[in-house]
Each structure stands twice: as C-alpha cells, then as structure tokens.
Amino acid sequence: MSNDLAGVWEVALSDGVHRIEFEHGTTTGKRVIIVDGKEVLRRDWMFKLVGKETFNVGKSDTKATINIDAVSGFAYEYTLEINGKSLKKYMENRSKVTSTWVLNLDGVDSRVVLEKDTMDVWCNGQNIETAGEFVEDGTETHFTLGDHNCCVKAVSSGKRRDGIIHTLLVDGTEIAECTE
C-alpha cells in the first residue's frame, strides 16, 4: 500500500461486500484500483490528473467508475459510481430490489441475499439453487444451506406502498432482515 491512497469504499453486491481502494499519485499521475486486495487497474505517468476510470466489480461484473475532479488548486475529489449511479443512489435503489439477511449457521457467518426481480438467492457469494412454489398467501422459494432447510416467503403487505414482504425462515425460524 502506498502513500497515494485517495479513497476506500465498501460496496454491497449480491455476491458479497467488496472493498474498493483507489490510489492517485498527484505528482506522477499514477492511478491504481484495487478490488478485494487484487489490483485491477494501473496507469502510470498520466499527464491529465482529472478524469474517470471504469472497471468491473464482483462475479456479475458490475460496472464501477471512479470520478476524479479538481476541487481547488491541487485538491481532488473522488466519487464512486456503480452502474452509472452515485454510490448513495445505488445503495438506496438496491435496498428496494434486494433483501439481505446475516446469520450464523453451524458457527459460520452467512450473508443471504434475495434479488427480488429475479428471485435469485445468493449465499456468501454463491448463487443458490432454489425451488419456487405458489402457496395460498403468496410464494415460497425453498433452498438448503448445509443441513438447514430455508425458505423465503413472499406475501402481500396489503398496502400498495409497502408492496411485497419477504421473510427468511431457517428450519422454521424467522430471521430478521438487515439493512446494508
């Protein structure tokens, strides 16, 4: 790690939380992007100190862009965009299209993510095979984690504004949803 570290972001995607580090050498123009400890981009001796760098994050190759803007004199501002949206807007939208639960199963911390638009279920970065079925009050998406039977129940809230409520059950016990 050099003294040129200019920004660090944590980005929650379906396949996990990714750490993005950006190094910017303002005297040499060097730009280095590190995702989850692995260097994904390096540019040395860039004469233009402002601009943007685009790269991919995660198993689904989500598009990320770091914008480098001059603020005043030799001061710079660094902003991260995910899929063309500011990180803040992306995370706000993401909370609408995904549900996330963090739990400990057999001594292992697990992060389960439901993508509401596709009903895909991810656990610790792996897309889980599921079986969906329609039930009297909504749908159930069944899957297993180790020796545990899991089910995401989707039922109408009865209120248009609240939409559908998704609940994770592990061996019949409800798990509280977490906000990322």
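Just above sits the structure.
Residues numbered from 1 in each chain as written. Predicted model: local features only at pLDDT ≥ 70, side-chain atom pairs only at ≥ 80, totals over all residues. Heavy atoms only, no water.

Engineer: Just checking my understanding: could you explain the sheet that holds strand β2 (residues 16–24) for this structure?
Structural biologist: Hydrogen bonds between backbone atoms are what pair the strands of a sheet, whose relative direction is either parallel or antiparallel. Here we have four strands laid out as an open sheet, ordered β1-β2-β3-β4, and antiparallel in their pairing. The sheet terminates laterally at β1 (5–13) and β4 (38–43), the two strands that pair on one side only. Neighbour to neighbour, the strand axes of the sheet diverge by 15° on average, direction disregarded. Pairing between β2 and strand β3 (residues 31–35): five bridges, direction antiparallel. Residue pairing for β3: His-24 is matched across the bridge by Arg-31. (Pairing = 2+ DSSP bridges. Helix = DSSP H or I, 4+ residues; strand = E, 2+ residues; numbered from the N terminus. Axes fitted to C-alpha atoms, helices over the stretch in contact; angles between N-to-C directions.)

Engineer: What exactly am I supposed to notice about the nonpolar core here?
Structural biologist: A general trend in soluble globular proteins is that nonpolar side chains are found buried together. Trp-9, Ile-20, Ile-33, Phe-55, Ile-66 and Leu-80 are the most contacted members of the largest nonpolar core, which totals 22 residues. If you list the elements that add at least two residues to this core, you get β1, β2, β3, β5 (51–57), β6 (62–72), β7 (75–82) and α1 (87–97). Leu-105, Ile-128, Val-152 and Val-170 belong to the second-largest nonpolar core, a separate cluster that totals 15 residues. (Core = buried A, V, L, I, M, F, W, Y, C linked by side-chain atoms within 4.5 Å. Buried < 20%, exposed > 50% of the residue type's maximum accessible area, 1.4 Å probe, protein only.)

Engineer: Explain the layout of surface pockets to me, please; I cannot follow it from the model alone.
Structural biologist: Over the atoms, a rolling probe the size of a water molecule traces out where space has been left empty. Looking at the largest pocket, its volume works out to about 280 Å³. In terms of lining, the largest pocket is formed by 15 residues, of which the most central are Ser-14, Asn-83, Tyr-90, Arg-94 and Glu-115. For the lining of the largest pocket, the leading source of residues is α1, giving four residues. By residue class, the composition of the lining of the largest pocket is four nonpolar, six polar and five charged. As a volume, the second largest pocket reaches approximately 160 Å³. (1 Å grid on protein atoms, 1.4 Å probe; cavity = no way out; pocket = protein on both sides within 12 Å on 5 of 7 lines; lining within 4 Å. Points joined across faces, edges and corners; volume = space filled by probe spheres on them. Nonpolar A, V, L, I, M, F, W, Y, C, P; charged D, E, K, R; others polar.)

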